[in-house]
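Tertiary structure, described
In case you want the letters, here they are:
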Amino acid sequence: MADDAGERPSGWLTVVPATVADEPEPTGAGGEEPCASAPGADAGGRSASVARLAGAVARTRDGLFAALADALALPAHFGRNWDALADVLRDRLTAGPLTLHVDDAGQLLADEPAGQHARFLAVLGDVAAEAPHRLRVVLRERPPR
């Protein structure tokens with residue numbers, strides 16, 4: 001169900017349609033913009049991090065896995081497949097909450113066969129359901145200004 005701003009939340013997933021005016025992103029400590037793995041705090045006061053991913057660089061699975069490895073500082077042993085992604089995200093979420101912002105999400109996995117985008121969301125949903133800390137994913141259909 002859409003809220004007043006037009007966003008469609010689904011527990012762990014929020015889709016921000018292109019028709020919704022972009023609001024300023026929350027800033028980190030000292031007013032700087034959040035960046036990949038910028039620390040913050042969640043509502044429970046636990047250390048949280050925010051990572052950003054550009055859909056334009058994640059049009060393929062290889063591009064997605066590389067971008068996630070960079071944005072989330074995933075370990076070198078990350079196997080760059082769906083099962084490995086689930087494993088490293090579960091491991092990451094033992095340390096604390098994580099928010100992943102995907103800008104220009106309409107390009108995410110656009111050069112892959114049908115079903116890969118749904119597979120990515122299924123992996124994230126499964127991890128979010130099992131994780132000891134909160135995973136939040138925000139898909140923006142256009143990049144923030």
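What counts and what doesn't
Residues numbered from 1 in each chain as written. Predicted model: local features only at pLDDT ≥ 70, side-chain atom pairs only at ≥ 80, totals over all residues. Heavy atoms only, no water. Helix = DSSP H or I, 4+ residues; strand = E, 2+ residues; numbered from the N terminus. Buried < 20%, exposed > 50% of the residue type's maximum accessible area, 1.4 Å probe, protein only. Contact = heavy atoms within 4.5 Å. Areas by Shrake-Rupley, 256 points an atom, 1.4 Å probe, with all protein chains shown as cover. Phe/Tyr/Trp six-rings, centres within 6.5 Å; stacked < 30°, edge-to-face > 60°. pLDDT = per-residue confidence, 0-100. Core = buried A, V, L, I, M, F, W, Y, C linked by side-chain atoms within 4.5 Å.

1. Concerning the overall build of the protein
Each helix and strand counted, the protein has 3 helices and 6 strands in total. Shown N-terminal to C-terminal, the secondary structure of the protein runs as helices and strands in the order β-β-β-β-α-α-β-α-β. Relative to its full complement of 145 residues, the protein shows a buried share of 43%. Look at the contacts in the protein between residues 6 or more apart in sequence, and 62% of them connect residues 24 or more apart. With the model as given, the accessible surface of the protein reaches about 7,600 Å², and the carbon-plus-sulfur share is 53%.

2. Comments concerning unusual backbone geometry
A positive phi is found at D104, a non-glycine position, where the angle reads about 55 degrees. If you trace the backbone, D104 turns up in the loop between β5 (98-103) and α3 (116-130).

3. Regarding the packing of aromatic side chains
What characterises a pair of aromatic rings is the spacing of the ring centres plus the angle enclosed by the ring planes. In this structure the tally under the stated criterion is 3 aromatic pairs. Aromatic pair F65 and F78: ring centres 5.8 Å apart, planes at 85 degrees, arrangement edge-to-face. Of the two residues, F65 sits in helix α1 (residues 61-72) while F78 sits in the loop between α1 and α2 (82-92), which places them 13 residues apart along the sequence. No difference in accessibility class separates F65 from F78, as the two residues are buried. Both rings, one in W82 and one in F120, keep their centres 6.0 Å apart while their planes meet at 35 degrees; by these two values the pair is tilted. Of the two residues, W82 is situated in helix α2 and F120 in helix α3; the sequence distance between them amounts to 38 residues. Judged by its relative accessible area of 0%, F120 is buried. Among the aromatic residues, those joined into a cluster by ring pairs are F65, F78, W82 and F120.

4. Some details on the confidence of the model for the protein
Should pLDDT be low for a region, the predicted coordinates there are not to be read in detail. Summing up the model confidence of the protein, the mean pLDDT is 80 and the portion of residues at 70 or higher is 70%. For the protein, strand β3 (residues 38-41) is the element with the lowest average pLDDT, namely 43, and α1 is the one with the highest, namely 97. Across residues 1-9 the pLDDT falls below 50, and counting only partners more than four positions away or on other chains, this stretch makes 20 contacts in the model. Long-range and interchain partners of residues 22-46, a stretch whose pLDDT sits below 50, account for 44 contacts in this model, where long-range means more than four residues apart.

5. What to know about the nonpolar core
One finds L64, L68, L85, F120 and L139 to be the most contacted residues of the largest nonpolar core, which totals 38 residues. Elements supplying a minimum of two residues to this core: β2 (13-16), β4 (47-54), α1, α2, β5, α3 and β6 (135-140). Tallying contributions element by element places α1 first for this core, with 7 residues. If sequence neighbours within four positions are ignored, F120 has contacts with L64, L68, W82, L85, L108 and L109.

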